[in-house]
Number of protein chains: 2
Amino acid sequence: MSIVNVVFGRPLASSEAESQQIGVAKGVPVFGLDALGSAAYGPEAALTLLIPLGVAGLAYLVPLSLIIIAVLAVVYFSYRQTIEAYPKGGGSYTVAHQNLGMFPGLLAGSALLIDYTLDAAVGISAGVAALTSAFPALHPWTLTLCLSSLGILTVVNLRGVRETGALFMVPTYLFLVSMFTAICIGVFKAVQSGGHPHAVVAPPVPHGAIAAVSVWILVKAFAGGCTALTGVEAISNGVQAFREDRVKLARRTLAIIIAALAGMLVGIAYLVKAYGIVATDPSANSYQSVLSMLLGAVAGRNWFYYTAILSVLLILIFSANTAFADFPRVCRFIAEDGYLPTSFSNRGRRLVYSEGIVVLAVITGVLLISFGGITDRLIPLFAVGAFLAFTMSQAGMVAHWRREGGKHARKYMIINGIGACATGITVLIVVMAKFREGAWITLIAIPALLLLMYRVHRHYQKVNQETKSDTPLDVMQGKKPLIVIAITQWSLVSRQALSFAMNLSDEIKVVHVRQEDTKDDFCDTWHENVVAPIAHAQACVPELIELSSPFRFVIQPITQYVFKLAEDHPDRRVIALIPELIEKRWYYYFLHTQRATLLKTELLVQGNDRISVLNVPFYLTGR
Amino acid sequence: MSIVNVVFGRPLASSEAESQQIGVAKGVPVFGLDALGSAAYGPEAALTLLIPLGVAGLAYLVPLSLIIIAVLAVVYFSYRQTIEAYPKGGGSYTVAHQNLGMFPGLLAGSALLIDYTLDAAVGISAGVAALTSAFPALHPWTLTLCLSSLGILTVVNLRGVRETGALFMVPTYLFLVSMFTAICIGVFKAVQSGGHPHAVVAPPVPHGAIAAVSVWILVKAFAGGCTALTGVEAISNGVQAFREDRVKLARRTLAIIIAALAGMLVGIAYLVKAYGIVATDPSANSYQSVLSMLLGAVAGRNWFYYTAILSVLLILIFSANTAFADFPRVCRFIAEDGYLPTSFSNRGRRLVYSEGIVVLAVITGVLLISFGGITDRLIPLFAVGAFLAFTMSQAGMVAHWRREGGKHARKYMIINGIGACATGITVLIVVMAKFREGAWITLIAIPALLLLMYRVHRHYQKVNQETKSDTPLDVMQGKKPLIVIAITQWSLVSRQALSFAMNLSDEIKVVHVRQEDTKDDFCDTWHENVVAPIAHAQACVPELIELSSPFRFVIQPITQYVFKLAEDHPDRRVIALIPELIEKRWYYYFLHTQRATLLKTELLVQGNDRISVLNVPFYLTGR
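Here's a quick rundown of the structure. (Residues numbered from 1 in each chain as written. Chains lettered and ligands numbered in written order. Predicted model: local features only at pLDDT ≥ 70, side-chain atom pairs only at ≥ 80, totals over all residues. Heavy atoms only, no water.)

Topic: the relation of the copies chain B and chain A
If you rotate chain B by 180° and push it 0.1 Å along the axis, it lands on chain A with an RMSD of 0.2 Å. Both copies of the chain, as the preceding transformation shows, are related through a two-fold rotation axis. Of every C-alpha in chain B, the one belonging to L614 of chain B sits nearest the axis of rotation, 2.1 Å from it. (Least-squares fit on C-alpha atoms with pLDDT ≥ 70 in both.)

And the structure:
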């Protein structure tokens, strides 16, 4: 137990919940890593799609960024309201479910779950890819690095929200400080030089344009840039993680994250244009990330550059933390409504929803291993889920305000309505733009997950229907149960079991399966060992039943006898008493047949309500 | 079940044992494949070691072969007597154990077991290597071919002795016929041409000598050639597989195998010398096996050559069958004496010792996978085990005749004594010659296996000591047991369990662990559901115990309560009654917490003799 305590921390009592709650400072790293990390790959994704336009493409980056920031603003206002309206945690699932109905809720929920799963895998592998491209010697260790990062994320999240926040504070704020420092320096230089700053380390000269601008290219660039928005919804599911006044703290955290993200997006777009930085082909050897070129151009290759790049790498790797913070919470909300296994709603030893964390870790691990740690092909998929969830959430809020009424209801309805339209259109654009690259997979995965959830729900309903009782106890004493004991040989084990059986009932059947190959004197000593002492005590003598087993099966004759006995006595309960040797060490079990276990399993799987299994253990001292 | 029947055959009743017994025709393939296959690699192994001597090395092959055949003859006479003296199966283990004591017996036994394990892996991979060198296109499939052959051997052997014999008859006799045809043609041509026959396809011209002859080279060549003798002991363990008169049939089978092996060894040695065939370097590209060169020289590259080569390949692959025939039998003999898990001595559905077959298959599979299907480096290891077993067996027979006395005892003692010395010296030679190539591994593995066997035996003795009972039943009725039921909520499941408990005892404790996060009205409805109806029926009311769980553990408070209760009532038995929901489909178990299973396990592992576990199942109909 002590190792478990060291790795995962001591168990926390439910009463300690308050001590685990966080404030704004820890809220930003816990819920904001994904959104902030987006600044590192959103502009890059858009610029990569503009490569064919050459330097001319740069002209479109600022307007595209402004559109994306406008969508971001709409999403911000929407979630700001959601947090207030659903202080218990109101992610897209809750909002859509409570305002639009179960199906829209589950649609939003499954979109989010798929988004987070992909997000975790892609976040880790993208971060590790950035690391290995910075240090090519690490390349053979790609998968190991991915799985180690996954392990760190899993353990840290299992240790609780506070520790997660504490651990990720340093890289988060390092990232923010270095990015804004770079942006300030850059903007200062650009303004000073009248919009044409001199690059300290010049970015590579871009290739000439190989295509004319087209709506399609711009639409694709927009869809690419939209990945910058994923992760923004995270706080809405995690309001309960904050301490009081939690609505205020959650909203403030959201504001900080969005402001920082918007600031970085504007700053990067402006500087990229000012320095004339064009994305390089990611598959080429000379590939360099946009951020790296930008940092080099602004400040040169000094310690500041390397610190900033390191913080970017850490943010990318740990951006998966947002998935770890939110996936378990979404699972919990859905599980509480009975559409996922109930165990998702149990808080673990550190007051987090451990099962969700473990399930996410396993799925992510499987994805990382099956793709060998290189999940490029998953990247196009995950914006779909995020924007679908945004849309459902906004639409839900429209319904919310309509029902709620009040002073500002009309104004809010309009804002959320615009938001729903904007994000809905974005979903369509992203699906269209990335359909062939894999967005269709999400369109299959979401219905599949929905179907699974409905089946889970139906099963729980059935079980509930079959087991729920409106009637009080039926006190009907009836006859004592029939007891069947299978005994192979006379030993202290069988002696103890038989003596126990006589304590419970007067009707005992001792079943002995004749073994042909081995010496067997059980029946010969039956009278001496059992009948004589019982007759002496004037108690009821158990019946000895000898079974032959032509095919040398040992379990089958016993189970058949038990089932037949229950059938012949439809008014009686039957107890199969199974003596079991308990060894002190697990590896000694290899030395014994697992007949007791097999017999128990067989009886429980094939039996009926009137047959129960009584395990009478016999402990070996091992001395 | 029907798939199992198709793959492994229908179960055979113990009374059908006779129908599974075999005669000479099937005995040769079942027990002889390894010995006969030796003819294909024994001479090759010796010749490879003579390569440095060039053509001059050929002069030593015939004398070396004659020495090997002399050892073979001694071994033959020894095992002929063993079969008669131990008609129940008297391999090296039995003979050494019964005549020299337990330790020599186990030494022989573990030597044999290690020999067979290596034999199975090396046989399969050597056969597949021969196949892939004949058809290089198969090379990438080496491991797949190895594992498929292993699969075939395993399934065939699990299907029983008769089917194994029937399946391997064709390749065995095809091999014998083609080898002897080739030898007859070759000898005829050689004699006709006065000892210098003209090769149809000339063997490659040998390199010149690069070393002078030395005792060391000859000793190594002898040790290499001795691999031809492994597998000869197989029949001695399997006498019981033959039908009556089994001693006669077993001896006849042994005679046929030895005669065929000796004939092939002599024939090959003579022809190799006559045709001037020198082994080629196995690591060179131009490598060709001695048998291939010999067959080409005698008969040319026609359909006969290809048929013969094919039969050699099959014999090599399936030579592992001897290990599959004998390993389980040796395990059985040792298990019956309590030095290996007893389950090795259970005859499976097809009357073979299935567990031994499965264990051998698993170990072989692991070896094949870890070596990637190329087990060259294991080859030097396995003659040690075989010859150590020979030596122990012969020494045992000396003691046997000494004790037995009788007319021929003195003569037999001398034969066996010579045999023991000859094979003992061979062990030393093989260990010396191959020590650095890996024979030392056997010298570590044998003591390790011996240690394991002694520990297994000691554990069985202890268990026996702790459980054996010389005393009859102690009839002491005493008080009824205390029953503890853990109930989460009022349902048909708990209702049934409680009603059952009341049938067994008057003292019932209902334990309820308070769940903080969920709605919980169990205690509020306790009176209405339980107390009222019981009071009405004037029975004993169960005690309701509410447990709090500050750390949200569910199992721990219950087990702690049970253990405390047992401690407080040292004179009472405690039954933990565990209601369990039984689902119709296994995958529904993912939807439930496994609390019942965990609680059972925890109670059995941590508990004591007075605490037993009663499982009361509740079956969901799934409709």
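Considerations on the packing of aromatic side chains
All chains considered together, the criterion is met by 28 aromatic pairs over all chains. The interplanar angle of 90° and the centroid separation of 5.0 Å between the aromatic rings of Y305 of chain A and Y306 of chain A together place this pair among those described as edge-to-face. Judged by relative accessible area, which is 7%, Y305 of chain A ranks as buried. Each ring, one from Y79 of chain B and one from F390 of chain B, has its centre 6.0 Å from the other, and the planes form 65°; the classification is edge-to-face. Of the two residues, Y79 of chain B is situated in helix α3 (residues 58-85) and F390 of chain B in helix α15 (residues 382-404); the sequence distance between them amounts to 311 residues. (Phe/Tyr/Trp six-rings, centres within 6.5 Å; stacked < 30°, edge-to-face > 60°. Buried < 20%, exposed > 50% of the residue type's maximum accessible area, 1.4 Å probe, protein only. Helix = DSSP H or I, 4+ residues; strand = E, 2+ residues; numbered from the N terminus.)

So, helix α18 (residues 526-537) of chain A
All names here are of chain A. Between the first and last C-alpha of α18 there are 16 Å, a value that for twelve residues agrees with the 16 Å anticipated at 1.5 Å per step. If you check which residues of α18 are buried, you get W526, N529, V530, V531, P533 and I534. In this fold, the buried residues of α18 make contact with α17 (492-504), β2 (508-513) and β3 (543-547). Phi for Q538, located one or two positions after α18, is positive at around 60°. (Expected span 1.5 Å × (residues − 1). Contact = heavy atoms within 4.5 Å.)

Considering the interface of chain B and chain A
Opposite the 91 residues of chain B that make contact, chain A presents 91 residues. Interface of chain B and chain A: buried area, both sides summed, is about 7,600 Å²; carbon and sulfur atoms make up 54% of it. The largest share of the area that chain B buries against chain A comes from E466, L473 and R552 of chain B, three residues that together contribute 10% of it. At the boundary of chain B and chain A, one finds 42 residue pairs in polar contact (both at pLDDT 80 or more). Only α16 (409-467), α17 (492-504), α18 (522-537), β4 (574-582), α20 (595-606) and β5 (611-619) of chain B provide two or more residues apiece to the side of chain B that touches chain A. For the side of chain B that touches chain A, the leading source of residues is α17 of chain B, giving ten residues. In this sheet, β5 of chain B lies alongside strand β5 (residues 611-619) of chain A in antiparallel orientation, the contact comprising three bridges. (Buried area = accessible area lost by both parts, 1.4 Å probe. Polar contact = N/O pair within 3.5 Å; in protein donor to acceptor, adjacent residues only side chain to side chain. Pairing = 2+ DSSP bridges.)

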